[in-house]
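# Coordinates in review
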Amino acid sequence: LREFIYLTVTDVYGSEWIKYLNPDKKKQLEGRSNGKLKQKEELIQTSLEWLEFNEISDLLFTPCVYADVDVDAIIREILNNDSLTREDILEKIKLIEKVSLWDRDLQSFSDLKDLQNIFSEIRDIRNTVMHNKTINLQYFEEAMSKIKGINKQLLTAIEKIDKDIY
């Protein structure tokens with residue numbers, strides 16, 4: 001999962017993909033390493049390893065304004081330009097709309113359209129196991145079947161990205 005996300009964001013944004021994130025998300029990534037990273041390149045390459053599952057989900061699916069959007073400049077432009085049409089103003093407002101990273105840039109990049117549902121399924125299984133809930137054989141087999149299916153989808157998506165990149 002982390003490999004899929006890393007390949008996707010680096011292909012869309014390049015090797016310094018972290019600088020395009022919402023400033024709060026960027027601080028979260030930098031802070032999670034607990035100062036163990038020596039260089040910026042290490043942060044870029046290993047940042048997803050420091051995040052917990054729910055934090056990765058938030059990174060991808062929580063709507064926010066991104067670092068490459070200068071909200072103040074857009075608002076000033078709207079306020080100071082009397083010649084803007086209603087459509088122009090609406091187009092500018094859409095630029096500052098809160099949107100998830102997945103919806104903003106990554107969803108169209110991948111054949112994995114239902115990634116948010118996949119996260120939900122994995123989270124449910126993960127929470128059952130991590131919170132030490134009792135499971136029966138049927139639940140275990142269903143969970144393993146889902147995970148194998150999800151892994152197959154992810155591997156297919158990773159292979160496609162690798163093929164497109166290289």
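Analysis parameters
Residue numbers restart at each chain and count upward from 1, following the sequence in its written direction. Local features are withheld for residues below a pLDDT of 70 in this predicted model, meaning they are given only at 70 or higher, and side-chain atom pairs are given and counted only at 80 or more; totals for whole chains, interfaces and linings count all residues. Think of the side-chain values as coming from all heavy atoms in the structure, minus any hydrogens and water. Helix and strand labels come from DSSP, where a helix needs a run of H or I of at least four residues and a strand needs a run of E of at least two; each type is numbered from the N terminus. A 1.4 Å probe rolled over the protein chains alone gives each residue an accessible area, and that area as a share of the maximum for its type sets the label: buried under 20%, exposed over 50%, partly exposed in between. Whether two residues are in contact is decided by their heavy atoms, any of which lying within 4.5 Å being enough. Like charges within 9 Å and nonpolar side chains (Val, Leu, Ile, Met, Phe, Trp, Tyr) within 5 Å are joined into patches, using only residues over 30% in relative accessible area that form no salt bridge. Only the protein chains shown count as covering a residue, and every accessible area follows the Shrake-Rupley method with a 1.4 Å probe. The working definition used for a salt bridge is a side-chain nitrogen of Lys or Arg within 4 Å of a carboxyl oxygen of Asp or Glu.

## What about the overall build of the chain?
Scanning the chain for helices and strands turns up nine helices and zero strands. Reading the secondary structure of the chain in the N-to-C direction produces α-α-α-α-α-α-α-α-α. Looking at the chain as a whole, 31% of its 166 residues are labelled buried. Pairs at least 24 residues apart make up 71% of the contacts formed inside the chain by residues separated by at least 6 positions.

## A closer look at unusual backbone geometry
Residue Asn132 is not a glycine yet carries a positive backbone phi of 60°. Locating Asn132 in the fold gives a position in the loop between helix H8 (115-130) and helix H9 (137-165).

## Some words on a nonpolar patch on the surface
On the surface, Ile135, Leu137, Phe140 and Met144 cluster together into a nonpolar patch covering about 360 Å² of accessible area. As for its position among the elements, Phe140 is in helix H9.

## Some words on the pattern of salt bridges
Scanning all chains against the criterion turns up one salt bridge. Here Lys92 makes a salt bridge to Glu77, at a shortest N to O gap of 2.9 Å. Of this pair, Lys92 sits in helix H6 (residues 86-95) while Glu77 is found in helix H5 (residues 71-80), placing the two residues 15 residues apart along the sequence. The exposure class of Glu77 is partly exposed, given its relative accessible area of 35%.

## A word on the environment of Asp124
By secondary structure assignment, the location of Asp124 is in helix H8. Judged by relative accessible area, which is 47%, Asp124 ranks as partly exposed. Taking the C-alpha atoms as reference, Asp124 lies 9.4 Å from Ala143; in sequence the two are 19 residues apart.

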